[in-house]
Amino acid sequence: PVPGLADLPPLQPGETVRWLKPGVPVRALRRLDGEDFAADAELDLHGLTVPQATRALHAFLDDCLREGCERLRIIHGKGLRSPDPQPVLKGLVVASLKGHPAVLALRSAGRRDGASGAVRVLLRRA
């Protein structure tokens, strides 16, 4: 399901995100920590419209699940150039990931791989 723009979480451009699906052990978040995080797959949504980003994100997640990827990096940008008062793609990505049944955890990327302009994602193992 695609969240409507009015349903997006209120996030600020520099705000970091850290989320764990209820029932998943806290240690799962540690798999997303550290500056040496290595993603199995990566998606860059810079410059896409909301409908384009939504399609790209869902296709990416489907491909990752099919290929057995577990750790992902999704670049959404910080939203500094967004005409809206809050970053749209960042909110879209966070809301979509939190609602996806295969997503176990997510957190903002490290300083070297996007910081608050990207998220690291942990998918359930196939």
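Note that the structure is a prediction, hence the values are computed from the model and not measured. (Residues numbered from 1 in each chain as written. Predicted model: local features only at pLDDT ≥ 70, side-chain atom pairs only at ≥ 80, totals over all residues. Heavy atoms only, no water.)

(A) Geometry of the pattern of salt bridges. If you walk through the whole model with that rule in mind, you get 7 salt bridges. For Arg107, the salt bridge goes to Asp33, with nearest N and O atoms at 2.9 Å. Remark: Asp33 occurs in the loop between α1 (27-30) and β2 (41-44) and Arg107 occurs in strand β4 (residues 103-108); sequence separation between them is 74 residues. Each of Glu42, Arg73, Asp113 and Arg120 takes part in a single network of salt bridges with overlapping partners. (Salt bridge = Lys/Arg side-chain N within 4 Å of Asp/Glu carboxyl O. Helix = DSSP H or I, 4+ residues; strand = E, 2+ residues; numbered from the N terminus.)

(B) Quick peek at the pairing of β4. Burial of β4 is extensive: 5 of the 6 residues sit out of reach of the surface. By the bridge criterion, 5 bridges tie β4 to strand β5 (residues 118-123) in an arrangement that is antiparallel. Residue Arg107 lies in a different strand from β5, and its bridge partner there is Arg120. (Buried < 20%, exposed > 50% of the residue type's maximum accessible area, 1.4 Å probe, protein only. Pairing = 2+ DSSP bridges.)

(C) Looking closely at the side chain of Ser108. Looking at the secondary structure, you find Ser108 in strand β4. Owing to a relative accessible area of 4%, Ser108 belongs among the buried residues under this scheme. For Ser108, the side chain forms a polar contact with the main-chain nitrogen of Val17, separated by 2.6 Å. (Polar contact = N/O pair within 3.5 Å; in protein donor to acceptor, adjacent residues only side chain to side chain.)

(D) Representation of the environment of Arg18 within the structure. Turning to its location among the elements, Arg18 is positioned in strand β1 (residues 18-20). For the pair Arg18 and Arg107, spaced 89 residues apart in the sequence, the C-alpha separation amounts to 4.1 Å. Sequence-distant contacts of Arg18, that is, excluding residues within four places in its chain, are made with Leu29, Asp33, Leu106 and Arg107. Of the polar contacts made by the side chain of Arg18, one reaches the side chain of Asp33; its length is 3.2 Å. (Contact = heavy atoms within 4.5 Å.)

(E) Region of the structure containing unusual backbone geometry. The backbone of Ala115 shows a phi angle near 50°, a positive value even though the residue is not glycine. Mapped onto the fold, Ala115 is located in the loop between β4 and β5.

(F) Structural view of the nonpolar core. Leu72, Ile74, Leu97, Val121 and Leu123 are the most contacted members of the largest nonpolar core, which has 24 residues in total. Put simply, the parts of the chain that give this core at least two residues each are β2, α2 (50-67), β3 (71-75), α3 (88-98), β4 and β5. Excluding its chain neighbours within four sequence positions, the residues that come into contact with Leu97 are Leu57, Leu61, Ile74, Val103, Leu106, Val119 and Val121. Listed in part, the 7 residues of the second largest apolar core include Val24, Ala28, Leu29 and Ala105. (Core = buried A, V, L, I, M, F, W, Y, C linked by side-chain atoms within 4.5 Å.)

(G) Seen up close, the sheet that holds β1. Spatially, the 5 strands line up as an open sheet ordered β1-β4-β5-β3-β2, and their pairing is mixed. A strand with exactly one partner marks an edge of an open sheet, and here the two such strands are β1 and β2. Between one strand axis and the next, the sheet turns through 20° on average, direction left out of account. In this sheet, β3 lies alongside β2 in parallel orientation, the contact comprising 4 bridges. (Axes fitted to C-alpha atoms, helices over the stretch in contact; angles between N-to-C directions.)

(H) Molecular detail of the pairing of β3. The buried count for β3 comes to 4 of 5 residues, which makes it a mostly enclosed element. In this fold, β2 hands off to α2, which returns the chain to β3; that crossover is right-handed. Pairing analysis gives 5 bridges linking β3 to β5, with the strands arranged antiparallel. Bridge assignment links Leu72 to a residue of β5, and that residue is Val121. (Right-handed = clockwise from strand over helix to strand, strands pointing away.)

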